[in-house]
Amino acid sequence: MSVRSTTVSRDGGPPPCTPAADHGRPATPTWFLICAVMCVCLCAAAGVGAIAVVERRAHAVSAISRQTMAGTQASWDIHRHLAEAAAAEASTFLGISTTPGAAPYEDFAAAMRAANEAMVRAGATTDPGSGGLACPGQEPPVTVRPTPASSATATATAGAGAGAGGGPGKGGSGGGGARSAALATLVCLTPVYTRYVGEARANDRMGMSVGGAYLRMANSLMNDHLLPASATLARSHTEDQALAFRRATRAGDVAGLAVVALLALAALAAAQVLGVLWTRRWLNPGLLAATLLVTVGIIWPQAALATERAKLANAWSGGYDVQAMLARVRHLALRAEGDVLYWRIAQGGEIVFDADFDQAAAQLACAARGREPGTTPLNEPRALNEPSGAGAASAAVEGLPGPHEAATRDPNLVRWCGPATARPLDPGIVELVDTARQAGATAIDAPVGDSTPRATGRFMELDRALTKADGVAEARFGTEVAGAGDALRGVAVGAGALFLLAAVLAAAGLAPRIREYG
């Protein structure tokens, strides 16, 4: 007669579980061990991932506010102050006071000091070996009463200027090489520009007409070398800023963290289901607590990262984009103002200032409206230099504007602009842009009376409005970036602790089930 043994639990009830039959499948304790290992590993991985992702994003946000934006702002300031210096020098040369009560050339000196300070903030350094400015050359080739210089020096400097104007990312050195070349050009040629201005002043005080030639030579150096180098520097820093924004907002980190956390949650849920099936116990406090912690650990970082992305998006669209647009409008306005002043210094003899004003005025009007300049004779000065009759005739044949038509007959210039690429500036600023443009066109077309001082005054009003708007945009940018950093504060430590605690609770919840089969 066979005897069947029966196992009872300690309380006399049925057994807590029925071990799986050994038919090549893992026994129940092995399954519990596998579940415990998977839950602990996935929770730990989610915790480490949360710490890594949030810390990386926090560092990226910090870099945006402290490093990349500082460099970008410095490059904008270089361009702005150099252009201000050129306009201030021309105004003083013509006897037009830009700042009431200021000493002669004080505005020029202040602008050059600000430009030099901005160069230092942008990364310009001195040579420790000599204590002088690190500069590969002395000055570029000139055509108007050149200062003696060796051909090797002139060629090297011209090469540096050409490299700076090539744009970031070109050549073997990439954006860093373009930035270095641009800084070298700025550091090298700024003293040369200042010396040309000094020669212009000295000759003007002695009543010699060559003073105007020296001033035009300085302006040529500014427009052909210094301003293009500062524009290249700005493009390089803008690329860094865009890269920093991409690093701080990329979705790959968020998706990866979510996948690992959801896998941990699924493993915990599966462990609870299998525990019910194998042990016939409906509640495992350790696994339940771990599941709740993982759920919170999923929601909290995802919400914080979503807030950070939204804040940075607002900082980009409402702050950085606006500042970049204002900087571009300011640069074009200063160039247009300089064209008016240097055209007056040349007494209308240099038609290049006339043509350049038309181009700058067209670009200025379109930029203020968030649109790219269209393809018209305003961007191709060929028709602008013709006599009025021939220019008007050719424009009529081609259906395009004649000389200064966009500045005098079409105040909005809308039909000469390309497609919209950004939001337009405040209507008040757009109105000031049109007023300054029209005043500049009048000063060139009909240079009588006080037309030039009036045009300078209009451009100064525009500059003050742009400065005020830039301050508002800068404040918004700083607020939004600070908000993005605040959204991530404490998340890395908190989420990591939640996931790691969940791993401990999962192990604690499954350990008794494993021991029951020991």
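Report follows, based on the coordinates. Only a predicted model underlies this, so the values are computations on that prediction, with no experimental measurement involved. (Residues numbered from 1 in each chain as written. Predicted model: local features only at pLDDT ≥ 70, side-chain atom pairs only at ≥ 80, totals over all residues. Heavy atoms only, no water.)

### Here we look at the overall build of the protein chain
Within the protein chain, the regular secondary structure consists of 13 helices and 2 strands. Within the span of the protein chain, comprising 518 residues, buried residues form 46% of the whole. Taking the intrachain contacts of the protein chain between residues at least 6 apart in sequence as the baseline, contacts between residues at least 24 apart amount to 80%. For the protein chain, the accessible surface area stands at approximately 24000 Å², while carbon and sulfur atoms represent 61% of it. (Helix = DSSP H or I, 4+ residues; strand = E, 2+ residues; numbered from the N terminus. Buried < 20%, exposed > 50% of the residue type's maximum accessible area, 1.4 Å probe, protein only. Contact = heavy atoms within 4.5 Å. Areas by Shrake-Rupley, 256 points an atom, 1.4 Å probe, with all protein chains shown as cover.)

### Some remarks on the state of the cysteines
Between two cysteines, a covalent bond joining their sulfur atoms is known as a disulfide. Considering all chains together, one arrives at 1 disulfide under this definition. Sulfur-sulfur distance for the disulfide between Cys-366 and Cys-417 comes to 2.1 Å. On the sign convention where negative is left-handed, the bridge of Cys-366 and Cys-417, at about -95° about the S-S bond, is left-handed. Taken as a pair, Cys-366 in helix H8 (residues 351-368) and Cys-417 in strand S2 (residues 417-420) lie far apart in primary sequence, 51 residues in all. A relative accessible area of 10% means that Cys-417 is categorised as buried. (Disulfide = S-S within 2.5 Å.)

### Focus: the pattern of salt bridges
Pairing is possible between side chains that carry opposite charge, provided their charged atoms lie close to one another. Going through the model one piece at a time under the given rule, you end up with 14 salt bridges. Of the charged contacts, one joins Arg-57 and Glu-308 as a salt bridge, the two residues approaching to 2.9 Å between their closest N and O atoms. With a gap of 251 residues between them, Arg-57 in helix H1 (residues 28-93) and Glu-308 in helix H7 (residues 285-345) connect regions that are remote in the sequence. Residue Arg-57 is classed as buried on the basis of its relative accessible area, which comes to 0%. Residue Glu-308 is classed as buried on the basis of its relative accessible area of 0%. For Arg-330, the salt bridge identified is with Asp-463, shortest N-O distance 3.0 Å. (Salt bridge = Lys/Arg side-chain N within 4 Å of Asp/Glu carboxyl O.)

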